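# Residue-level structure breakdown
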Amino acid sequence: MIGYLEGKLLQRSEDRILVLAGGVGWEVLLPVVVMESIRDRPLGEGVAFHVFYYQTERQPRPVLIGFNQGLEKDFFQLFITVEDIGPLKAAKALTMPIADIARAIEAGDVRALRKLKGIGDRTASKIIATLAGKLQRYLLDLPGQDSLPESRPGAPAREEIAQRVLDVLIDQLGYRPPDARRMIAEAFQRNSVIGSPEELFDEIFRGERAP
């Protein structure tokens, strides 16, 4: 199973690229938001992707779908749990940043989701019904391709992490400021080595789910 691919950009077409790695040219299908991030990347330059490997009896030819960040791939794997959304349809639908899609789902915004390629009212409603309440960790904008591989040098300070998460909890998820601050403080008490907004979200909602 292929989960990560790093090599040289050999060819590029409308929705896929060819990556030369280990003497083999790997064809990788890229969602629009991922393709846009390398649109101006010169051929021959290094690229790296987290890869979703897809092959079934109905789709016997293996398909590799590439993402700049592991978190993007995680979101994609949640997205395809929605009824009637398979990997190929999902890859074509991701025409907006993951954070924007997550915000639309959490807000129940059918109109925003209809802007995704191939998504109509009925499918948008299914997406909201299936995924709403599960996407807090995806609400913050993801770093770009240059952060691969996912290392953590220069991680933001605790105050910056807390403020970014506080803004999302209050402005986008509707929590009262005192409750949001309490949730953040308790999360840091449980885990003092939180190093990113995503980790803070995970800890907050892990604590909220605890009995």
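Every chain is numbered independently, its residues counted from 1 as its sequence is written. A pLDDT threshold of at least 70 governs which residues receive local features in this predicted model, and a stricter bar of 80 or more applies before side-chain atom pairs are shown or counted, although totals over entire chains, interfaces and linings include all residues. Side-chain figures throughout are based on the complete set of non-hydrogen atoms in the structure, without hydrogens or water.

### A few points about the overall build of the chain
Let me state the cut-off plainly: Strands here are runs of E lasting at least two residues and helices are runs of H or I lasting at least four, both read from the DSSP assignment and numbered beginning at the N terminus. Throughout, radius of gyration means the C-alpha value; the globule benchmark is 2.2 Å times the number of residues raised to the power 0.38. Three exposure classes are used, based on accessible area relative to the maximum for each residue type with a 1.4 Å probe and protein chains only: buried under 20%, partly exposed in between, and exposed over 50%. Note on contacts: a residue pair qualifies if any of its non-hydrogen atoms lie within 4.5 Å across the two residues. For accessible areas, the Shrake-Rupley method is used with a probe of radius 1.4 Å. Any residue's cover is judged against the shown protein chains and nothing else. Note that His is not counted, nor are the chain ends; the positive residues are Lys and Arg, and the negative ones are Asp and Glu. Think of each charge as sitting on NZ of Lys, CZ of Arg, CG of Asp or CD of Glu.
If you tally the helices and strands in the chain, you get nine helices and five strands. Each helix and strand of the chain, ordered N terminal to C terminal, gives the series β-β-β-α-β-β-α-α-α-α-α-α-α-α. For the chain, the C-alpha radius of gyration of 18 Å lies close to 17 Å, the compact-globule estimate for 211 residues. Expressed along its principal axes, the backbone C-alpha trace of the chain runs to roughly 55 × 45 × 30 Å. Put simply, the chain has 211 residues, and 42% of those count as buried. Taking the intrachain contacts of the chain between residues at least 6 apart in sequence as the baseline, contacts between residues at least 24 apart amount to 59%. Accessible area for the chain stands at about 11,300 Å²; split by element, carbon and sulfur atoms hold 49% of it. Across the chain, the mean location of the 28 positive side-chain charges is 4 Å away from that of the 30 negative side-chain charges.

### Examining helix 7 (residues 158-172)
It helps to recall that an α-helix has 3.6 residues per turn; residues three or four apart then point in one direction. Definition in use: One less than the residue count of a helix, multiplied by 1.5 Å, gives the span that helix is expected to have. The reported arc concerns the directions from the helix axis to the C-beta atoms and nothing else.
Taking 1.5 Å of rise per residue, the 15 residues of helix 7 would be expected to cover 21 Å, and the 21 Å separating its terminal C-alpha atoms lies within 8% of that figure. For helix 7, the full list of buried residues reads Ile161, Ala162, Val165, Leu166, Val168 and Leu169. On an axial view of helix 7, the arc spanned by its buried residues comes to 165°, and they lie on one face. Structural note: helix 7 exposes Glu159 and Asp171 on the side pointing more than 90 degrees away from its buried face. Gly174 sits one or two positions beyond helix 7 and adopts a positive phi of about 80°.

### Some points on the layout of surface pockets
As a reminder, the rule being used: Only protein atoms enter the calculation, which uses a 1 Å grid: trapped sets of points that fit a 1.4 Å probe without letting it out are cavities, open sets showing protein on both sides within 12 Å along at least five of seven lines are pockets, and any residue with an atom within 4 Å of a point is a lining residue. Grid points are joined across faces, edges and corners, and a volume is the space filled by probe spheres set on the points.
In this structure, the second largest pocket encloses a volume near 240 Å³. Secondary-structure elements contributing two or more residues to the lining of the second largest pocket are strand 3 (24-29), strand 5 (63-67) and helix 3 (87-93). Considering each element in turn, the lining of the second largest pocket owes the most residues, three residues, to strand 3.

### Structural notes on the side chain of Thr123
Within the fold, Thr123 resides in helix 6 (residues 121-131). The buried category is assigned to Thr123, whose relative accessible area is 13%. Beyond its immediate chain neighbours, meaning those up to four positions away, Thr123 contacts Ile85 and Lys89.

### Considerations on the pattern of salt bridges
Where side chains of opposite charge bring their charged atoms close, a pairing between them can arise. Defined as follows: In what follows, salt bridge is the name for a side-chain nitrogen of Lys or Arg lying within 4 Å of a carboxyl oxygen of Asp or Glu.
Per the counting criterion, the structure on display carries 15 salt bridges. Between Asp74 and Arg137 there is a salt bridge whose closest N-O contact spans 3.6 Å. With a gap of 63 residues between them, Asp74 in helix 2 (residues 70-79) and Arg137 in the loop between helix 6 and helix 7 connect regions that are remote in the sequence. In this structure Asp74 comes out as partly exposed when scored by relative accessible area, which is 31%. A relative accessible area of 24% means that Arg137 is categorised as partly exposed. Its salt-bridge partner being Lys126, residue Asp84 comes within 2.6 Å of it at the nearest N-O pair. Highlighted residues: Asp84 in the loop between helix 2 and helix 3 and Lys126 in helix 6, separated in sequence by 42 residues.

### Some remarks on the nonpolar core
Where we set the bar: In this description, a nonpolar core means a group of buried Ala, Val, Leu, Ile, Met, Phe, Trp, Tyr and Cys residues linked to one another through side-chain atoms lying within 4.5 Å.
Within the largest apolar cluster, 64 residues are counted, with the highest numbers of intra-cluster contacts made by Phe75 and Phe79. No other element matches the six residues that helix 7 contributes to this core. Apart from residues no more than four positions distant in its own chain, Phe79 is found in contact with Ile85, Ala90, Ala93, Leu94, Leu116, Ile127 and Leu131.

### With respect to the sheet that holds strand 2 (residues 16-21)
Test applied: When DSSP finds at least two bridges between two strands, those strands are taken to pair. Working convention: axes come from line fits to C-alpha atoms, limited for helices to the stretch in contact. Angles between N-to-C directions cover 0 to 180 degrees.
Read around the closed barrel, five strands run 1-2-3-5-4, paired in mixed fashion. Looking at each pair of strands side by side, their axes are set apart by 55° on average, direction ignored. Here strand 4 (residues 46-54) runs beside strand 5; their pairing, made up of five bridges, is antiparallel. By the bridge assignment for strand 5, Phe52 is matched with Ile65.

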